[in-house]
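Understanding the architecture of this molecule
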Amino acid sequence: MDLTVGLPLVAALVVGLVAVRRMLTRRRRGLEAYTRSRDERLKKSRPKDRRSSRAEMRANDDPTTMMGRIRTLPPRRRSDRR
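Note on numbering: residues in each chain are counted from 1, in written sequence order. pLDDT decides what is reported in this predicted model: residues at 70 or higher carry local features, side-chain atom pairs at 80 or more are listed and counted, and totals for whole chains, interfaces and linings draw on all residues regardless. Excluded from the side-chain calculations are hydrogens and water; all other atoms, namely the structure's heavy atoms, are used.

1. A word on the overall build of the protein chain
- For the protein chain, the helix and strand inventory stands at 3 helices and 0 strands.
- Elements are defined by DSSP. Helices are runs of H or I of four residues or more, strands are runs of E of two residues or more, and each kind is numbered from the N terminus. Starting at the N terminus, the α and β elements of the protein chain follow one another as α-α-α.
- Think of it in three bands: residues with accessible area under 20% of the maximum for their type are buried, residues over 50% are exposed, and the middle band is partly exposed, with areas taken using a 1.4 Å probe on protein chains only. Across the 82 residues of the protein chain, 1% fall into the buried class.

This is how it looks when you write it as structure tokens:
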């Protein structure tokens, strides 16, 4: 191979290798920083309120009004069962 072609080719390969390594290093550092910040955000998150509005309504309803709506049936006799 001619020296005028070989030297620039080797230089281009070295520059390409350095550029790829820098790109991969930058990507890895960014991913590590994102993981650290995500972990910190998740650690500081406050617990979710476990009571839904429906649960609140049911807990705060007056039990006496609820008892008035319940209908009870007399127990079935053995002869009525199928």
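2. Side note on the confidence of the model for the protein chain
- How sure the predictor is of each residue is captured by pLDDT, a score from 0 to 100. Mean pLDDT over the protein chain stands at 79; residues scoring 70 or higher make up 65%.
- No element of the protein chain has a lower mean pLDDT than helix 3 (residues 63-69), at 61, and none a higher one than helix 1 (residues 3-44), at 92.

3. Considerations on a nonpolar patch on the surface
- There is a patch of nonpolar side chains on the surface, built from M1, V5, L9 and L13 and spanning about 470 Å² of accessible area.
- Mapped onto the elements of the fold, L13 is located in helix 1.
- Residue classification places L13 among the exposed residues on the basis of a relative accessible area of 59%. Residues form patches when they are more than 30% accessible in relative terms and have no salt bridge. Like charges link within 9 Å. Nonpolar side chains (Val, Leu, Ile, Met, Phe, Trp, Tyr) link within 5 Å. The Shrake-Rupley method, run with a 1.4 Å probe, gives the accessible areas here. Residue values count only the displayed protein chains as cover. By convention in these notes, a salt bridge is any Lys or Arg side-chain nitrogen within 4 Å of a carboxyl oxygen on Asp or Glu.

4. Some details on the pattern of salt bridges
- In total, this model carries 1 salt bridge according to the counting rule given.
- The partner of D39 in a salt bridge is R38, with the nearest N and O atoms 3.6 Å apart.

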